[in-house]
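The primary structure of each chain is shown beneath.
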Amino acid sequence: MTPNPERHLSDALPGHLPRHVAIIMDGNGRWAAKRHLPRVAGHRQGVEAVRVIVRAAGELGIEYLTLYGFSSENWKRPAEEVSDLMGLLRLFIRRDLAELHQNGVQVRVIGDRDHLELDIVALIDEAEALTRNNTRLKLQIAFNYGGQNEITTAMRRIAHEVKAGRLDPDAITPDIVSGFLDTAGIPDPDLIIRTSGEKRLSNFLIWQGAYAELVFSDALWPDFTPEKLREAVLEYCGRSRRFGGLDAGPAGQS
Ligand code: IPE
Ligand code: IPE
Ligand code: MG
């Protein structure tokens, strides 16, 4: 699609907006490599893109935005890169929390925080506590997150409930399972975007994304702009979501 400079981000979009957009922010390393820079430079620029896209999502009227920041498999990377990524989460919360709060953003972190350093857990707790009553945009950051781990943990907790006699195995439904996931209470993503041209989910929202529309952008994450977000949403608006039933028209118009 050719970007149209005349078009403003807040211009009306046809059809229903996705209520929940989730993004696999991929391509920081390649962005840096193209410039002969160390990978961390790509991650730093990626944080700048996060700032811009969070603001743009709010302007577009998106209610829930989930960003994949660090997967449970990313520990396989060199220790220095892992440490850089941890440092950037710290920096992001320290530097941006006040502004996010001012802008009515509710921050929630999903993923396994048991194995994160204590100061990071404290920062996450602070961010969640400060912003818990905000309603303008609900921002979920998936950090040390993996869908298989999330489902396994949910199953373990469900098994404990059954063992304790508080839950009847025959009463377990998909809704009950959803309630045990990190995303309990958050509607499933309508649209999952992955940048950098890769076409896979990499363990992101594998339960919740069962009926999400997928949009793949060739842009590397640091190059992803509000206009590209708008284009992805436009593509979503033109999709026909059937949920296994029959055609109900463009996305969300059922
Ligand atoms: C995404 O960029 C950020 C994280 C996975 C933490 P990458 O670091 O995966 O960048 P590429 O895929 O190597 O270009
Ligand atoms: C997915 O990207 C994880 C995040 C964006 C945080 P990866 O770069 O880790 O995924 P793979 O390894 O290419 O599947
Ligand atoms: Mg990658």
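Please refer to the structure higher up on the page.
A brief report on the enclosed structure follows. (Residues numbered from 1 in each chain as written. Chains lettered and ligands numbered in written order. Predicted model: local features only at pLDDT ≥ 70, side-chain atom pairs only at ≥ 80, totals over all residues. Heavy atoms only, no water.)

Quick word on the site of ligand 2
Near ligand 2, the surroundings consist of Ile 24, Met 25, Asp 26, Tyr 68, Gly 69, Phe 70, Ser 71, Asn 74, Arg 77, Arg 194, Arg 200 and Ser 202. Between Arg 200 and ligand 2, the recorded distance is 2.8 Å, taken from a side-chain N or O atom to an oxygen atom. Here an oxygen atom of ligand 2 sits 2.6 Å away from a polar atom, N or O, in the side chain of Ser 202. Summarising the interface, the protein chains cover 77% of the accessible area of ligand 2, which totals 390 Å² for the free molecule. If you tally residues by element for the shell around ligand 2, the top one is strand 2 (residues 64-71), at 4 residues. Taken together, the residues of the shell around ligand 2 sort by class into 4 nonpolar, 4 polar and 4 charged. (Near = heavy atom within 4 Å. Polar contact = N/O pair within 3.5 Å; in protein donor to acceptor, adjacent residues only side chain to side chain. Areas by Shrake-Rupley, 256 points an atom, 1.4 Å probe, with all protein chains shown as cover. Helix = DSSP H or I, 4+ residues; strand = E, 2+ residues; numbered from the N terminus. Nonpolar A, V, L, I, M, F, W, Y, C, P; charged D, E, K, R; others polar.)

Quick notes on the nonpolar core
One finds Ile 23, Leu 65 and Leu 229 to be the most contacted residues of the largest nonpolar core, which totals 51 residues. When near neighbours in sequence (up to four residues on either side) are disregarded, Ile 23 contacts Ile 53, Leu 65, Thr 66, Leu 67, Tyr 68, Ile 193, Phe 204, Trp 221, Phe 224 and Leu 229. (Core = buried A, V, L, I, M, F, W, Y, C linked by side-chain atoms within 4.5 Å. Buried < 20%, exposed > 50% of the residue type's maximum accessible area, 1.4 Å probe, protein only. Contact = heavy atoms within 4.5 Å.)

Section: the site of ligand 1
Close to ligand 1 lie 13 residues, the nearest being Asp 26, Gly 29, Arg 30, Arg 39 and Arg 77. In this structure, Arg 39 approaches ligand 1 through a side-chain N or O atom, which is 2.8 Å from an oxygen atom. In the model, an oxygen atom of ligand 1 is placed 2.7 Å from a nitrogen or oxygen of the Arg 77 side chain. Notes on ligand 1: free accessible area 380 Å², of which the protein chains cover 87%. Of all the secondary-structure elements, those providing two or more residues to the shell around ligand 1 are helix 1 (28-34), helix 2 (39-60) and helix 3 (79-102). Here the shell around ligand 1 takes 3 residues from helix 1, the largest share from any one element.

Re the side chain of Gln 140
Considering the arrangement of structural elements, one finds Gln 140 in strand 4 (residues 137-145). The buried category is assigned to Gln 140, whose relative accessible area is 1%. For Gln 140, the side chain forms a polar contact with the side chain of Thr 66, separated by 3.0 Å.

Focus on the environment of Glu 126
Its location among the elements puts Glu 126 in helix 4 (residues 118-131). Considered as a pair, Glu 126 and Ile 93 are 33 residues apart in the sequence and their alpha carbons are 9.2 Å apart.

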